[in-house]
Amino acid sequence: MTTPILKQLRVPVVGAPMAGGPSTPELARAVSEAGGLGMIAGALLTPEAFAAQIDSMRGLLFGVNLFLPEEPSGADVESYAERLAPWFERFDAEPGELIRRDDFYAEKFAWLLAHPVPLVSSTFATFDADEVAQLHAVGTEVWATVATASDASVATANGVDALVVQGPEAGGHRGTFDGSAPDEPLTELLIAVREISDLPRIAAGGLMDGNDIAPLLDSGAAHAAQLGTAFLNTPEAGTKPVHREQLTVAPDTAVTKAFSGRPARGLVNEFMRENSDAAPLAYPDLHYLTAPMRAKAAAAGDPSGLSMWAGTGFRRTQAAPAAELIAEWAKQLGR
């Protein structure tokens, strides 16, 4: 089983949407032009920037990812903000304020209906059945990011076309619908999802090249792979210089809520070690709270207070153009 989008890929590689900086239209374009599927990370963009980035991709096969809105968690964000006071002082930053809880979701969704794109995917939840029908009506394929078999069951019932199955090895935010962070490995999760859904599966999590992807395709566990960390050190990525440097020297990755209020895997640093256990489940509250500090840390080239999302395979990143990486992976896949 496959989908029209998957059939058109010359190389079964999707560039993961990495919101907040690493994803750029240039990276998405490079992936699509090399035969993969470039993705625009629509989250954390203003509606104007959202539209501009998408329009820059017209004429190519590409997709757009949206973070679905989170309901208030009721967590004690103020107490956590007080705990972080020394960190704000350290970087001469004021605590950030929550601007829009819904990330302009309604406006972005309406714009996508009025200006259709080939594919739209969701993270943190699945589109409901009516939203899926609306996207299908304008010719848009619909995928859902899932990190548990239960979430995959919901997305399948709502009529999506494919599932991005995200294992715990993936960098960035965990795509669970309830904000949890299960540790079932990608290989086992793919099997669990396959047992409850016949939809095509795009594997994500810890995959860094064609040699990682091939066994999943050959076994039928997946129909394509989504890679993000593997693109972090490409010239097209918007990865901050200090983040690129840390890819070569950081000791490890870990999952933390400390920066954003939702479990996310990143390079271990001082802020994570000090605050991960205390951070509440409160996205996007903590994302906005820590944003000024993270911006100051990035500007100073100080990795101690910066969220540097990366998957478990980060030590294998290559400083090469995206097209060269995809060409290399295609050879490894016999394409």
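Scroll up to find the structure this text is about.
The shown structure was predicted, so the numbers you read here are calculated from the model rather than taken from an experiment.

Student: Mind showing me how you'd approach the pairing of strand β6 (residues 162-166) here?
Tutor: In summary, the side chains of a regular strand alternate between the two faces of the sheet. Taking burial as the measure, the 5 residues of β6 include 5 buried ones, the bulk of the element. Every second residue of β6 is oriented toward a common face, with Ala-162, Val-164 and Gln-166 on one face and Leu-163 and Val-165 on the other, all of them buried. The parallel pair strand β5 (residues 141-146) and β6 is bridged by helix α8 (residues 149-157), and the resulting crossover is right-handed. As paired elements, β6 and strand β8 (residues 201-204) share 4 bridges and run parallel to each other. Within the sheet, the bridge partner assigned to Val-165 lies in β8 and is Ala-203.

Student: Looking at this structure, I do not really get the nonpolar core. What am I missing?
Tutor: By size, the foremost hydrophobic cluster in this structure holds 94 residues, and its most contacted members are Ile-54, Leu-112, Phe-127, Leu-163 and Phe-231. The contact partners of Phe-127, leaving out residues within four places of it in the chain, are Leu-66, Leu-68, Tyr-105, Phe-109, Val-120, Ser-121, Ser-122, Val-132, Leu-135, Val-142, Trp-143 and Asn-158. By size, the runner-up hydrophobic cluster in this structure holds 13 residues, among which are Ile-5, Leu-37, Leu-119 and Val-164.

Student: Help me out: how do you make sense of α8 in this one?
Tutor: Spacing of three or four residues puts side chains on the same side of an α-helix, whose turn is 3.6 residues. Those residues of α8 that fall on the buried side of the exposure criterion are Asp-151, Ala-152 and Ala-155. Seen from one end, α8 has its buried residues packed into an arc of 100°, which puts them on one side. Contacts made by the buried residues of α8 are with β5, β6 and α9 (186-196). Just downstream of α8, Gly-159 is the residue with a positive phi angle, here 95°.

Student: Is there a simple way to explain the pattern of salt bridges in this structure?
Tutor: Oppositely charged side chains can pair when the atoms bearing their charge come close. Summed over the entire model, instances satisfying the criterion amount to 10 salt bridges. Arg-58 is the partner of Asp-55 in a salt bridge, and the nearest nitrogen-oxygen pair spans 3.2 Å. Here Arg-58 falls in the partly exposed class, since its relative accessible area comes to 32%. Residue Asp-212 pairs with Arg-316 through a salt bridge whose shortest N-O separation is 3.0 Å. Here Asp-212 is found in helix α10 (residues 210-219), whereas its partner Arg-316 is found in the loop between α13 (285-300) and α14 (322-332), with 104 residues between them in sequence.

Student: Is there a simple way to explain the sheet that holds strand β11 (residues 264-267) in this structure?
Tutor: The pairing of strands in a sheet happens through backbone hydrogen bonds and is either parallel or antiparallel. Taking strand neighbours across the sheet as the criterion, the 3 strands line up as β7-β11-β10 in an open arrangement whose pairing is antiparallel. In this open sheet, the two edge strands, each paired with only one partner strand, are β7 (172-173) and β10 (253-256). Of the strand pairs in this sheet, β10 and β11 are connected by 4 bridges, and their pairing is antiparallel. By the bridge assignment, Val-255 is partnered in β11 with Arg-265.

Conventions used here
Residues numbered from 1 in each chain as written. Predicted model: local features only at pLDDT ≥ 70, side-chain atom pairs only at ≥ 80, totals over all residues. Heavy atoms only, no water. Buried < 20%, exposed > 50% of the residue type's maximum accessible area, 1.4 Å probe, protein only. Helix = DSSP H or I, 4+ residues; strand = E, 2+ residues; numbered from the N terminus. Right-handed = clockwise from strand over helix to strand, strands pointing away. Pairing = 2+ DSSP bridges. Core = buried A, V, L, I, M, F, W, Y, C linked by side-chain atoms within 4.5 Å. Contact = heavy atoms within 4.5 Å. Arc of directions from axis to C-beta. Salt bridge = Lys/Arg side-chain N within 4 Å of Asp/Glu carboxyl O.

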